[in-house]
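# Architecture at a glance
Here's the letter readout for the chains.
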Amino acid sequence: MMSGDGDDDDDELSSGGSGDEVHVINGHNKRIPTAPSGGSVPSRRRNRKAGGVAIVEAMLELAAASKMRAAALTKKNGDNLQDSSTSSIDFDIELDEMELVAAAAGYLYYQSLVNQPPGTSPSTRGTYLKDLLQGPVEDCREVLRMDKRLFHKLSDTFREKGLLRDTITVLVEEQVAIFLSIIGHNQRIRVIQERFHLSCETISRHFNNVLKAVKAVSRGFFQPPVLETHEDIVSSKRLYPYFKDCIGVIDGLKLLANLPIKDQPRFQNKKGILTQNVLVACNFDLEFIFVCPGWEGSINDSRILRAVLDDPNQNFPRPPKGKYYLVDRNYTNTEGFIAPYQGTRYGLHEYRGARQMPQNAHDLFNHRHMSLSNVIQRSFSLLKTRFPILKSAPPYHFEVQRDLVIVTCALHNFIKREDGVHDWLFAAEGKDAAAEEESRGEEEEEELELLHMDSTPGELIADSLRDSIAFTMWDDFMNKWEEW
């Protein structure tokens, strides 16, 4: 747990359970009462000095007096206590223990006030979010990364399902706003602490609580692919009927990772950068249908896909017979997963200049394959734009970094499904797609997997299907001079 009086911003977030405010008592701050001379019980004087210090002093004096009275009663009676008097003395001691509890409660309350950021008072808490929700729509979208209606719907979902609850000081809406502010701007705890007038420990705890809540409902945000041909394919002469059986796209998402020294060699990619590799599948509506994070950056994409397919616990949405996903050159062309041709240009940037026209069937197939599978790069771009925390290596435990990928993808789907038409990021998507494609093509050249000498039955079926699509596409292109 982060202490309430402020930790470094780069400390890892701890995973605390939901509940009310909890504060740690610093032992060196306790005031040790001096025993009065003569062993007599001191009188309980009411200190009328203003401030929390006076309350604490009075509580400590009360606790000391209670302990001394209990000790005196026990010593006086000793072994000669009769059965008739034992119950009354035990009752007195029980009352003393209750007074000690009251003293501790007063001290904890005082500590909770001391540990808040300067200028904090109950009247100032919650004003930031209240002003934000009552202000312009653009401000709310900028801070929370979604509009007001979706924000309230998400908060109500957590409250109704019992995943989050209001505490004495922080409402569910504020807890969700804290989480969205961190992942939506990659901000440190110190910044959020000043904004919401809460302690570092409180911010850290609610961040973890909301992270768990979103992950708990994330399964409902990931839907299996639709088997019918997507309208974007049907409406394009370049894609239909050639890709009519395509149901989605699969690719690996490389994200910067923050790891202890002992784990760093396994997560270094070929450039020596620490990354986690994420297997992602998406549909043509820019929604993620499967996300599997946490893989070492040194592992090839094709190996990750094989491992996921071999693990039934992953619940990967396998393509039915005759349907397939599009994959890039880092994957093996096999049944259900159609890859582009190796040894032929593939990136869109390679089709510019004097040789921009396709030279053969393989050339044309790769170009249209890339044009269609580009949807997953557009989805990645939108995801990172909305949640910039994915662009850096956040200083949290790796388990938190891994869960952040699942949670951000789930929120991406939630926003797309609920407000995809009006959301400002989805409405403006596609403007930076060209830059994404160019960098993608350059990166793939370094990670090509060696071709297998012996093809499996699944690979032979996929090769036959790919050749059929490519040569039909090329024949139509040459005879009908279709748009390429």
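Shown above is the structure to which this text applies.
As the structure is a computational prediction, the values presented were derived from the model and not from experiment.

Rules behind the numbers
Residues numbered from 1 in each chain as written. Predicted model: local features only at pLDDT ≥ 70, side-chain atom pairs only at ≥ 80, totals over all residues. Heavy atoms only, no water. Phe/Tyr/Trp six-rings, centres within 6.5 Å; stacked < 30°, edge-to-face > 60°. Helix = DSSP H or I, 4+ residues; strand = E, 2+ residues; numbered from the N terminus. Buried < 20%, exposed > 50% of the residue type's maximum accessible area, 1.4 Å probe, protein only. Axes fitted to C-alpha atoms, helices over the stretch in contact; angles between N-to-C directions. Parallel < 35°, antiparallel > 145°, perpendicular 65-115°, else oblique. Left-handed = near helix turned anticlockwise from the far one by under 90°. Contact = heavy atoms within 4.5 Å. Nonpolar A, V, L, I, M, F, W, Y, C, P; charged D, E, K, R; others polar. Salt bridge = Lys/Arg side-chain N within 4 Å of Asp/Glu carboxyl O. Pairing = 2+ DSSP bridges.

## Let's talk about the packing of aromatic side chains
Within the structure shown, the criterion is met by 13 aromatic pairs. Here the aromatic rings of Phe-288 and Phe-380 are separated by 6.3 Å at their centres, their planes lie at 20°, and the arrangement is stacked. Placement of the pair is Phe-288 in strand 3 (residues 288–296) and Phe-380 in helix 12 (residues 361–386), with a sequence separation of 92 residues. With respect to burial, Phe-288 and Phe-380 carry one shared label: buried. Ring geometry for Tyr-341 against Phe-365: centres 5.5 Å apart, planes inclined by 75°, an arrangement best described as edge-to-face. Pair noted here: Tyr-341 is in the loop between strand 5 (337–338) and helix 12 and Phe-365 is in helix 12, with a separation of 24 residues, a long-range link. Each member of the pair, Tyr-341 as well as Phe-365, carries the same accessibility label: buried.

## So, the packing of helix 3 (residues 127–134) against helix 5 (residues 148–160)
At a closest axis distance of 10 Å, the pairing of helix 3 and helix 5 adopts a crossing angle of 135°. As summarised for this structure, helix 3 and helix 5 are arranged oblique, according to the angle between their axes. You can see that helix 3 and helix 5 cross each other, and the crossing is left-handed. Where helix 3 approaches helix 5, its residues Leu-129, Leu-132, Leu-133 and Gln-134 are matched on the opposing element by Lys-148, Phe-151 and His-152. Grouping the constituent residues of the contact of helix 3 with helix 5 by class yields four nonpolar, two polar and one charged.

## Section: unusual backbone geometry
Going from Tyr-240 to Pro-241, the amide bond is cis rather than trans, its omega being 10°. In this fold, Pro-241 is placed in the loop between helix 9 (231–234) and strand 1 (246–256). The backbone of His-197 shows a phi angle near 55°, a positive value even though the residue is not glycine. Assignment of secondary structure puts His-197 in the loop between helix 7 (189–196) and helix 8 (200–217). Assessed through its relative accessible area of 23%, His-197 is described here as partly exposed. Despite not being glycine, Asn-315 shows a phi value in the positive range, around 55°. Its place among the elements puts Asn-315 in the loop between helix 11 (301–310) and strand 4 (324–326).

## Notes on the pattern of salt bridges
Summed over the entire model, instances satisfying the criterion amount to 19 salt bridges. Put simply, Asp-166 and Arg-159 hold a salt bridge, and the shortest N to O gap is 3.0 Å. For Asp-166, a relative accessible area of 34% corresponds to the partly exposed category. Overall, the relative accessible area of 30% leaves Arg-159 in the partly exposed class. A salt bridge links Asp-403 to Arg-402; the nearest nitrogen and oxygen atoms lie 3.9 Å apart.

## Section: the pairing of strand 1
With nine of 11 residues buried, strand 1 lies mostly within the body of the structure. Pairing geometry for strand 1 and strand 4, over three bridges, is parallel. Pairing of Gly-248 across the sheet is with Tyr-325, part of strand 4. Note that strand 1 and strand 2 (residues 275–282) share eight bridges and pair antiparallel. Each residue of the ladder has a partner; that of Gly-252, found in strand 2, is Leu-279.

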